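Below, each chain spelled out in residue letters.
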Amino acid sequence: MTVDHEMISEDAANGDRVAPTEVSTATVVGYAVAGIAVLGWFLFGWLVQRQGFIDSVGEAAGTGFALLLIVSVIGTVRRSRR
């Protein structure tokens, strides 16, 4: 069993280390818009539709997880094209 630091040094010695890429401004703005949309969806369900706090939290969480799944699939498709 190894420690993470040992694995990192072994990978760096083999030349397998990949430099981290910067996140684009469009990505950060997209995540901010998605976060605001999920928060708005929660507030709409809770205050306008009056469906209850727990139901609104669950619905907003489900929407957030669906958005994360979509982002993951898009990222996988984009990475496989390279």
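Before any of the text, the structure's been laid out above.
Scope of this entry: the structure provided in the associated data block. Residue indices begin from 1 for each chain and proceed along its sequence in written order. Only residues with pLDDT of 70 or above have their local features reported here, since the model is predicted, and side-chain atom pairs are shown and tallied only from 80 upward, although totals for entire chains, interfaces and linings are computed over all residues. Values reported for side chains reflect all heavy atoms of the structure, with hydrogen atoms and water molecules removed beforehand.

1. Digging into the environment of A37
Thinking step 1. For helices the rule is a DSSP run of H or I covering at least 4 residues; for strands it is a run of E covering at least 2, with both sets numbered from the N terminus onward. Relative to the assigned elements, A37 resides in helix α2 (residues 25-48).
Thinking step 2. A residue is classified by how much of its surface remains accessible, and A37, at 44% relative accessible area, is partly exposed. Here the term buried applies to any residue with accessible area under 20% of the maximum for its type, exposed to any over 50%, and partly exposed to those in between, with areas from a 1.4 Å probe on protein chains only.

2. A look at a positive patch on the surface
Thinking step 1. On the surface, R78, R79, R81 and R82 cluster together into a positively charged patch.
Thinking step 2. On the secondary structure map, R78 appears in helix α3 (residues 53-81).
Thinking step 3. Judged by its relative accessible area of 57%, R78 is exposed. Patch definition: residues above 30% relative accessible area lacking any salt bridge, with like charges linked at up to 9 Å and the nonpolar side chains Val, Leu, Ile, Met, Phe, Trp and Tyr linked at up to 5 Å. Per-residue and other accessible areas were derived by the Shrake-Rupley procedure at a 1.4 Å probe size, with only the shown protein chains allowed to occlude residues. Whenever a carboxyl oxygen of Asp or Glu lies within 4 Å of a side-chain nitrogen of Lys or Arg, that contact is scored as a salt bridge. This count recognises Lys and Arg as positive and Asp and Glu as negative, with His and chain-terminal groups excluded. We put the charge of a Lys on NZ, of an Arg on CZ, of an Asp on CG and of a Glu on CD.

3. Details of α2
Thinking step 1. Relative to the 34 Å expected for 24 residues at 1.5 Å per residue, α2 spans 33 Å between its end C-alpha atoms, a close match to the ideal helical length.
Thinking step 2. Looking at α2, one finds that the buried residues are V38, F42 and G45.
Thinking step 3. The contact rule is simple, with two residues in contact once any of their heavy atoms fall within 4.5 Å. Contacts made by the buried residues of α2 are with α3.
Thinking step 4. Downstream of α2 by one or two residues, R50 has phi in the positive range, about 50°. Every helix has an expected span of 1.5 Å times one less than the residues it contains.

The analysis is restricted to geometry; functional conclusions fall outside its scope.
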